[in-house]
Amino acid sequence: MLLQKQNYCNEKKHFIFLNIFSPKFQLQDNKSKKKRKKNGKSVIPPQPPQVKRPPIEECVTGDETVPQFVIKCVEFLEEEGINQEGIYRIPGKGADSDFIMATFGKNPDMKLADMHMSVPAVCTALKQFFSKLPEPLIPYDLQQEFLDSCQDAQNQEEQTQAIHDLLDKMPRIKKETLKYMMFHLNRIMQKQDTNRMTSQNLAVCWWPTLLHPEYKSLEDMANDAKLSAIVDNLISMATKFFEPVVVEEPPVPEVQDMETESDSSQQPIVASSSESNDEFLAQ
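Here's a quick rundown of the structure. (Residues numbered from 1 in each chain as written. Predicted model: local features only at pLDDT ≥ 70, side-chain atom pairs only at ≥ 80, totals over all residues. Heavy atoms only, no water.)

### Quick notes on the packing of helix H3 (residues 68-80) against helix H9 (residues 172-189)
Threshold: Axis definition: a line fitted to C-alpha atoms, over the contacting stretch in the case of helices. Angles run 0 to 180 degrees between N-to-C directions. Helix and strand definitions here come from DSSP, where helices need a minimum of 4 consecutive H or I residues and strands a minimum of 2 consecutive E residues; each element is numbered from the N-terminal end. Put simply, angles under 35 degrees are roughly parallel, angles over 145 are roughly antiparallel, angles from 65 to 115 are roughly perpendicular, and the rest are oblique. The contact rule is simple, with two residues in contact once any of their heavy atoms fall within 4.5 Å.
At their nearest, the axes of H3 and H9 sit 11 Å apart, and the two run at 10° to each other. By the angle between their axes, H3 is roughly parallel relative to H9. For the pair H3 and H9, contact is made by Val70, Ile71, Val74, Glu75, Leu77 and Glu78 and by Tyr180, Met181, His184 and Arg187, respectively.

Here it is, written out as structure tokens:
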């Protein structure tokens, strides 16, 4: 009797197992899903609306030329993670980076050191700031001019001058922010013996974030390597592209009063400082 009961249970399990994968069972399951949807109980939860980031010009206040969020992240990374191997290549947790950006939105005076966040999390938050801007840091129209200038240049000197001229066409806030970031990445590149991040590695990590590539044709996909090379040059030669021009002002002559000039004319002329010291010691 016990053996018959056990065989019956095994046959029932086998029947249920086969029934799950039968077309009839799947049809019934699809009907039940449709029924649940009709009742307002959707199987797939609705996606949250995407938050539109303001343009970078609205991320600065007063006389600022670089957003404070960028400055805070860069200062933290250069203090805590500039020697960390794989900086910017190793991604951080999305929840941590989202928390950093949300906290800054509520309190712009936050200190990242007090939040005890990892270096990869801050790296990811900084990259998300640029990737979620409505427009790339280097405008699309200038990107094509960058490609054309690099292709038409006969030598490195002409290419450098062409890129320098194109950077002058950028809007002020975007150019100053790009300059700030290129100097930051250049300082990281200088520590490549410890962090293993060359200018080429940094360019691979950063060029899509800064340029927001749009693939409308096969030619656009073929430009990936060229755009990465441009960012590579901007990082490795940041001082050459962004070095400010120092204007030497002529020296302003010192104007002395008439009384000081008359007093100085009455004083004896001292031959040398050593002779005056010897006379002072002899007295």
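### Focus on the side chain of Gln128
Rule in force here: For every residue, the accessible area (1.4 Å probe, protein chains only) is compared with the maximum for its type, and the residue is labelled buried under 20%, exposed over 50%, or partly exposed between those bounds.
With respect to the element layout, Gln128 can be found in helix H6 (residues 119-131). The exposure class assigned to Gln128 is buried, which follows from its relative accessible area of 17%.

### Focus on the nonpolar core
Keep this limit in mind: Here the nonpolar core consists of buried residues drawn from Ala, Val, Leu, Ile, Met, Phe, Trp, Tyr and Cys, with membership extended through side-chain atoms lying within 4.5 Å.
Judged by nonpolar contacts, the single largest core of 62 residues is most densely connected at Tyr88, Ile100, Leu126, Phe130 and Met182. Looking at this core, the element that brings in the most residues is H6, giving eight residues.

### Concerning the environment of Gly86
By secondary structure assignment, the location of Gly86 is in the loop between H3 and helix H4 (94-106). Taking the C-alpha atoms as reference points, Gly86 and Leu202, separated by 116 residues in sequence, lie 9.5 Å from one another. Residues in contact with Gly86, not counting those within four places in the same chain, are Asn195 and Met197.

### Some remarks on the side chain of Ser228
Of note, Ser228 is situated in helix H13 (residues 224-236). Other than its neighbours up to four places away in sequence, Ser228 contacts Ala203, Val204 and Trp207.

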